[in-house]
Amino acid sequence: MKIPKVAFFDFTSCEGCQVEIANFDQDLLKLLQVVEVVEFREIMKETCSEPLDIAFIEGSFSREKDRERLQKIRQRANLVVAYGSCAATGGINALKNHKPDYKYKVEVYGADATMPHLETQKALPISAAIPVDLAIPGCPVNRQEFVRLVSDLLHGKAPTIPNYPVCMECKKKENICRYELQDTCLGVVARAGCGALCPSNGIPCEACRGFVDNPNLDSLVELLIKTGMQPAYAMAKARMFTANLVEE
Amino acid sequence: MAQKININLQHVTRVEGHGNIVVNATNGKLERCEWQVPEAPRFFESMVRGRHFSEIARITSRICGICSVGHQLASIKATEAALGISVSEQTEKLRRLLKHGENFDSHILHVYFLVAPDLLGVPSVMPLAESHPEVVKRALAMKGLGSRWSSLIAGRSTHPVRIVPGGFSTLITEVELVELKQSILNILPELEATAETLQSVADRIPQFERKTEYIGLVDTVEYGLYDGQIGCLMPDGQKTLIEVEDYRSVTNEWVSPLSTAKYTRHQMDSYMVGALARINLNFQQLHPQARKVAKEIGFSVPCYNPYMNTVAQFIEAVHSAYCGLELIDSLLYSGLEAEEPPLIQPKAGRGVGAVDVPRGILFHDYEYDDTGICISANCIIPTNQNHANIQGDMDKLVPEMLQANKSQAEMELYLEMLVRAYDPCISCSTHYLNVTFVK
Amino acid sequence: MNHPYSYADDREEKLITTEGAEREEENIFLPKPARVLQAQPMGRTEKYFRLAFSDGSSMGHQPGQIVEASLFGYGEIPLGIASSPTREGYFDLLIRKAGRVSTALWNLEIGDTMYIRGPLGKGFPVDEFKGHDVLIVAGGIGLCPTRSMIEYIEDRREEFGHFTLFFGARTPKDQLFPNDLARWREEIDWIEYHETVDQGSPEWKGNVGVITTLFAKTSISKGCRVIICGPPIMYKFVIKELKKLGIPDAHIYVDLERRMKCGVGKCGHCQINGLYVCTDGPVFNYARIKNLEEAF
Amino acid sequence: MRLLFLQKEELEPFVSRLIAWQEVVGPKAKKNRFVFDKLESPAELRLDYDTTILPPKKYFFQPQQDLIRFSPEGFTGCIEPKPRIIFGVHPYDIKAISMLDYLFSDGKKDWNYLANRQAATIVGINVHQVFKTAFFESMGASIVTKGYDLFLTDIGEEGFVVEVATDKGEALLAYGHFTQVTPDQAQKRRKILYGQSDRCSQKLFNLPEEVSEKVALSFYHPIWEEMASRCFSCGACNLVCPTCYCFDVQDMWNLDQESGIRFRTWDGCLTEDFAKVTVQGGTENFRQDRSSRYRHRIMRKAVYLNSKLGGPACVGCGRCASACPADLANPVPVLNKIMEG
Ligand SMILES: Cc1cc2nc3c(=O)[nH]c(=O)nc-3n(C[C@H](O)[C@H](O)[C@H](O)COP(=O)(O)OP(=O)(O)OC[C@H]3O[C@@H](n4cnc5c(N)ncnc54)[C@H](O)[C@@H]3O)c2cc1C
Ligand code: SF4
Ligand code: SF4
Ligand code: SF4
């Protein structure tokens, strides 16, 4: 296998996914033997203009003016991987999307909200601007899954992201279900792949990886109301990381 | 010497988030000198409105992936203050231990991955793997400890999962505490080696001073990181303490047409937060081992050189390692109680939480209605507080460099190093505006 | 109430003690390496492979049986064996590029190694075909498992009655095994071959239409034994035609396709009601499964 | 039948010595539930448990189990059994283990399971507290007469009557102080094991054979659609079931991108893609609707495997009922309703 050239790019995000990559510890050195990182603004001054085998993009597409930069990346890269939920679905950034434009500006900027340079659009996945070959969900991405999916790509094998709910992984971990503890949980509709990290640590799943292909959202709302949640809030509950996926 | 300087550094590298430096000068006359922040606005204060208190910290954690531990702690403290929840001594100790973990982790990341290349004369850590393999191995080992430290306590180092109002949803075990202790002990020699490396390159740190106001937490229990009052230190040594609830009287945010970020000012035109501010404020509370290292490297307070922030960070990393060891011993000595976070009854109220994250003092402020739904929020991020100070430094530094007839390349390097020294976390972008620049 | 079941009574002995080495020998997940002797693209997305086990052993299969073929790192898939056991020293597979594993296998070339477990499942009960006329109705890729039977009949021609083959492909480009087809078209003494395509092309002179239109071209004897293999929707229509001809259900054999992960009756993916396609099939007597709701 | 007696205060030293000798797993408390887990000390053992979140199948058929390790040099199988004592298994779980033993040895033997199973010593215990949704009585799983090596019956303050069923069980005796059983103790044991038939809160109103016959004919019953409309297809009901054993097989490369593993993981027939295949030009899902998947599970428990097992593939542990977030996996009301109609 020829050593592929890869580069990392970031858009609207918290950069936590990049940090997760840095957290590979000594394994990072092993990874650097199978890929060549040629550009990674957060930790490298080097830039390059050569063609890339893989461009990893973190963050949402949230300003029209980023489109051009994205298109340039697309032109250079053989494969484009949107990694992290911001890039894959819009992620947490999309939580503002369903609020009328003027409203969030006023909330944050008060009287300054009318300044003309406040233009932002909805936070969208990278795929809203350019074609993406693979979107890896997760807030932040799960390191193991990231490596596994990229390794599949390097071998020319279409990567598999689970299409079953987090409950599957949660049960394998033998956790007590949040619902048994009178709590709520979005694990029933959330796409697995994280190893049920949140329920395993005693907190509900918030579906940071988005939903399975056909989430039973009606049943979810019914279930949340049964746990005592206000109906209006039950409808909004599933929108934390998935605002772009839930209709108003 | 007639000289035309035209610096336009788009998206400064090896910093978190996007920032630009623009400097124009002709014949030694400065025409323009700007620190610009073109990061896309993200509107977190708006996003948390209408969400339940149990979700808030998980949302605001996403302001920043590098100091997400600190964001969660500040957020949880604000929520606890608003809902009138108190936490056990054990929880507080564990949170302090966690805070040290984050401090260590982030500082190592900054010192090794972002600043070291400048000091060792390479563009990034990548070539170091060849030229200085021992340095890279050391860096990875230390970074590894940093993230394991937070992960053991909080479930994950980036966007931790176990920090909840009232305590921890899952407790670290005593076995894990012992394991953590051993890992920290194993890393102490690496810290010593780092001190030596730092000493050997100390002369490459630019000599530049600008007197400014320093702001950070001042705590009675320990060196201000997890808790305390807002301490403000003026260049003349005058120190005032302000309650966290009154943070707005310190931050005084204002919108500058020059920059996309909201600026802050207190008693002077700008102030500095972060490791250098903390160390200037709290030097005497540093762990003796950290003070010893400071002495070895030749660091003393007060220090007005912003480039020295990196050195201050390293000294803090040493401090956190030793304090971590002591906290672990004290937790093991008293034995871990199997505590469950309390069941929380929502009530209407407002609360402010402050934590000194690696890049400086951070405020979260929330108001809840009686069903526990957030009705207003305000977050003030350290990097925002530093922007005006960075601009202030540039305004003094650039003419000095012009005076000294520095080349454009040198100027670029020094300006970049200046920005990097602040370890700006630009993605913490709750307050950013989106300004179109006049070309 | 005492428990009314006897499930374990006489079956418990099955759990005999076997020690390490034997277990490894019997490890049902360990494949055997096989070398690619020939590799030739066919159709639009298919590729034909001739293989031989690297240890020289023979497949020893029944026509209609399957193998699990794999490449490490990519995974494993079920494939029908496309050659007859009467032709020794090699076995044939035909692989359609469909997803992860099949694409990786498709990319192999002469000299490469494929990993094979098998033969698995139940093939065509050849003894029940002996002495009877035989009709094979193959749609698309359904030709490959049935090819093992076709070759078998060719090699043991005297054991079978009149042999008719219907082959339907989507378009002329999708036709498989062109050399075989050419032979079948010409050598009419041992095979009555009829073909059709769903969509013709300017060069195509043959029949155009769904596979059932071929029934009008010939007459099928009542005592004929029939094999059907093709895409799921084909079965219903072909069976309807066969009913019209008065062929009893018990003389019809179908070759079914389901998701498979182990091929040895454990993983559960291929279950149709109570049956496992991998061990009870993939070849089923139609009379036996016609009432299973999930079969068609 | 060989019976011995173990005094209550002799239990702890017995378990202690076993722990010193081999890995011992047993029911331990996890908040308000129980799990089988490695015992560090006998004090953790909770023989008064109602049921565990996952059944003991996890020790033989692990949630994730390596099948093959490969590298450029070659490949090897991974049958790596580890001796282990499973202490405190309820009768219904023993019965379920026997079923899996059968299913994994039926046809081709699956040594990846069987080797683990062989390496285990099973110590049974009578049910103290009945789990809230259990119905093992209706499934004929309240009593087992085989499938264990030792079986303890707690006869109260005195201690345990211990049935020694196999040589493996016999081997454990050396680690404890056992005495002869008195006729009175043996009588108490009989009463406790066979004399309690009405402890489960849930019941089937018909015999499993009758259920199986009728449910087999209820393929088009409206109840499937009714129940499944709220189903999340989450598979929780599958995974917690002691008689569910479906799995997925996947390959994965190690960091070096050359070596790697082929492994299997638990799969569930309720999940959307379980019966999905890739065909020319797309996919085909043989159980596309939630209701068909929901029906498949219930049918598999009540009907499909009966001919192999000689009875239903459900032991009435009640785990699925409590694991289902939507509260609809419980087979009892479904089966009873079909029987009524
Ligand atoms: C009895 C039988 C005989 C077959 N004979 C042939 C043949 O001779 N030639 C041929 O080209 N194809 C044959 N197939 C179909 C072939 O198995 C699938 O095309 C192949 O499994 C697709 O796998 P993939 O990894 O490429 O696709 P992916 O979409 O990546 O599938 C992932 C996994 O799902 C399972 N899967 C997906 N689709 C199928 C499917 N259709 N059947 C079974 N499992 C599936 C496999 O385990 C596969 O590895 C046969 C299938 C069966 C059941
Ligand atoms: S805790 Fe959440 S993820 Fe786990 S089983 Fe319950 S609903 Fe599913
Ligand atoms: S179907 Fe439910 S009750 Fe029956 S054995 Fe499985 S988990 Fe237990
Ligand atoms: S546990 Fe309940 S919701 Fe989940 S798949 Fe089973 S029946 Fe459906």
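Because the structure is predicted, anything quoted here is derived from the model rather than measured.

Colleague: Which residues make up the environment of A:Ile126, and what values go with them?
Modeller: Residues and elements named next belong to chain A. By the secondary structure assignment, Ile126 is in the loop between α5 (101-109) and β5 (134-136). Among the residues examined, Ile126 registers a relative accessible area of 0% and is labelled buried. Expressed as a C-alpha distance, the spacing of Ile126 and Glu58, which sit 68 residues apart in the sequence, is 8.6 Å. Ignoring anything within four residues of it in the chain, the contact list for Ile126 reads Ile57, Gly59, Ser60, Phe61, Leu70, Ala82, Ala87 and Val132.

Colleague: Talk me through the side chain of B:His100; I want residue IDs and the actual numbers.
Modeller: All names here are of chain B. Note that His100 resides in helix α4 (residues 89-120). His100 gets classed as buried once you look at its relative accessible area, which sits at 0%. The contacts of His100, once residues within four sequence positions are left out, are Trp149, Glu222, Leu225, His319, Ser320, Cys323 and Leu327.

Colleague: Explain the site of ligand 2 to me, and be specific about the residues and the numbers.
Modeller: Taken together, A:Val166, A:Cys167, A:Cys170, A:Lys171, A:Cys177, A:Arg178, A:Tyr179, A:Cys185, A:Gly187, A:Val188 and A:Pro199 make up all the residues around ligand 2. Of the residues in the shell around ligand 2, the class split is 8 nonpolar, 1 polar and 2 charged.

Colleague: Explain the environment of B:Ser407 to me, using residue names and the numbers behind them.
Modeller: Residues and elements named next belong to chain B. With respect to the helices and strands, Ser407 occurs in the loop between α12 (382-403) and α13 (408-421). Relative accessible area serves as the criterion here: at 32%, Ser407 is assigned to the partly exposed category. For the pair Ser407 and Lys4, spaced 403 residues apart in sequence, the C-alpha to C-alpha distance is 9.7 Å. At 3.1 Å, the side chain of Ser407 and the backbone nitrogen of Glu410 are in polar contact.

Colleague: A description of the domain arrangement of chain A should follow, citing residues and the corresponding values.
Modeller: All names here are of chain A. Segmentation of chain A into domains returns domain 1 (5-154) and domain 2 (166-238). Between the C-alpha centres of domain 1 and domain 2 the distance comes to 26 Å. Contact residues are listed per partner, giving 6 residues for domain 1 and 4 residues for domain 2. For the pair domain 1 and domain 2, the summed buried surface comes to about 440 Å²; carbon and sulfur atoms form 45% of the total. Three residues stand out in domain 1 for area buried against domain 2, namely Pro137, Asn142 and Glu145, and they jointly supply 61% of the buried area on that side. At the boundary of domain 1 with domain 2, the tally comes to 3 residue pairs in polar contact (both at pLDDT 80 or more). The residue inventory of the side of domain 1 that touches domain 2, partitioned by class, reads 2 nonpolar, 3 polar and 1 charged.

Colleague: Explain unusual backbone geometry to me, using residue names and the numbers behind them.
Modeller: Of note, the amide linkage connecting A:Cys139 to A:Pro140 takes the cis form, showing an omega dihedral of 0 degrees. Residue C:Pro282 is bonded to the preceding C:Gly281 through a cis peptide linkage, with omega at 10 degrees. Phi angles above zero are rare outside glycine, and C:Phe177 is one such case at about 45 degrees. Note that C:Phe177 resides in the loop between β8 (163-169) and α5 (178-186).

Colleague: Please set out the packing of aromatic side chains residue by residue, giving values where relevant.
Modeller: As enumerated under the stated definition, the model contains 40 aromatic pairs over all chains in all. Ring centres 6.0 Å apart and planes at 80 degrees place the aromatic pair A:Phe8 and A:Tyr83 in the edge-to-face group. Taken together, the residues span a long stretch of sequence, with A:Phe8 in strand β1 (residues 5-10) and A:Tyr83 in strand β4 (residues 77-83) at a distance of 75 residues. With respect to class, A:Phe8 is no different from A:Tyr83; both count as buried. For the pair C:Tyr74 and D:Trp253, a centre-to-centre distance of 4.9 Å together with 90 degrees between the ring planes defines the contact as edge-to-face.

Colleague: Describe the nonpolar core, with residues and values.
Modeller: The biggest cluster of nonpolar side chains holds 198 residues, and the ones touching the most others in it are C:Leu105, C:Met114, C:Ile116, C:Ile228 and D:Phe87. Tallying contributions element by element places helix α2 (residues 91-105) of chain D first for this core, with 9 residues. If you look at the next biggest cluster of nonpolar residues, it comprises 162 residues, including A:Leu134, B:Val125, B:Leu286 and B:Ala290.

Colleague: Got a sec to walk through the arrangement of the chains? Specific residues and values, please.
Modeller: Looking across the 5 pairs of chains in contact, one finds the most contacts between chains A and B. At no point do chain B and chain C touch; the closest pair of C-alpha atoms across them sits 29 Å apart.

Colleague: For helix α3 (residues 111-118) of chain D, give the residues involved together with the corresponding values.
Modeller: Residue and element names in this part refer to chain D. The buried count for α3 comes to 8 of 8 residues, which makes it a mostly enclosed element. Residues of α3 that are buried include every one of Trp111, Asn112, Tyr113, Leu114, Ala115, Asn116, Arg117 and Gln118, and no others. At the N-terminal boundary of α3, the capping side chain belongs to Asp110, with an oxygen 3.1 Å from the backbone nitrogen of Asn112.

Colleague: Tell me about empty space enclosed by the protein, residues and numbers included.
Modeller: Counted under the stated rule, the structure contains 18 cavities of 30 Å³ or more. Roughly 400 Å³ of internal volume is contained in the largest cavity. Every residue lining the largest cavity is counted, 28 residues in all, and those nearest its centre are A:Ile21, A:Leu28, A:Leu31, A:Leu32 and A:Val37. Only β1, α1 (16-22), α2 (27-31), β2 (36-40) and α6 (143-154) of chain A together with α5 (125-131) and α6 (133-154) of chain B provide two or more residues apiece to the lining of the largest cavity. Ranked by residue count, the leading element in the lining of the largest cavity is α6(A), at 5 residues. Grouping the amino acids of the lining of the largest cavity by side-chain chemistry returns 25 nonpolar, 3 polar and no charged.

Colleague: Account for the pattern of salt bridges, with residues named and values stated.
Modeller: Applying the stated criterion across every chain, the model contains 82 salt bridges over all chains. For A:Glu68, the salt bridge goes to A:Lys72, with nearest N and O atoms at 3.5 Å. Separated by 4 residues within a single helix, A:Glu68 and A:Lys72 lie in helix α3 (residues 66-76), roughly one turn from each other. Note that C:Asp249 and C:Lys243 form a salt bridge whose closest N and O atoms lie 3.4 Å from each other. The exposure class of C:Asp249 is buried, given its relative accessible area of 11%. For C:Lys243, a relative accessible area of 45% puts it in the partly exposed group. In this structure, a network of salt bridges that share partners links the residues C:Arg50, C:Arg87, C:Asp92, C:Arg147, C:Glu151, C:Glu154, C:Asp155, C:Asp180 and C:Arg183.

Thresholds applied
- Residues numbered from 1 in each chain as written.
- Chains lettered and ligands numbered in written order.
- Predicted model: local features only at pLDDT ≥ 70, side-chain atom pairs only at ≥ 80, totals over all residues.
- Heavy atoms only, no water.
- Helix = DSSP H or I, 4+ residues; strand = E, 2+ residues; numbered from the N terminus.
- Buried < 20%, exposed > 50% of the residue type's maximum accessible area, 1.4 Å probe, protein only.
- Contact = heavy atoms within 4.5 Å.
- Near = heavy atom within 4 Å.
- Nonpolar A, V, L, I, M, F, W, Y, C, P; charged D, E, K, R; others polar.
- Polar contact = N/O pair within 3.5 Å; in protein donor to acceptor, adjacent residues only side chain to side chain.
- Domains from an automatic or database assignment.
- Buried area = accessible area lost by both parts, 1.4 Å probe.
- Phe/Tyr/Trp six-rings, centres within 6.5 Å; stacked < 30°, edge-to-face > 60°.
- Core = buried A, V, L, I, M, F, W, Y, C linked by side-chain atoms within 4.5 Å.
- 1 Å grid on protein atoms, 1.4 Å probe; cavity = no way out; pocket = protein on both sides within 12 Å on 5 of 7 lines; lining within 4 Å.
- Points joined across faces, edges and corners; volume = space filled by probe spheres on them.
- Salt bridge = Lys/Arg side-chain N within 4 Å of Asp/Glu carboxyl O.

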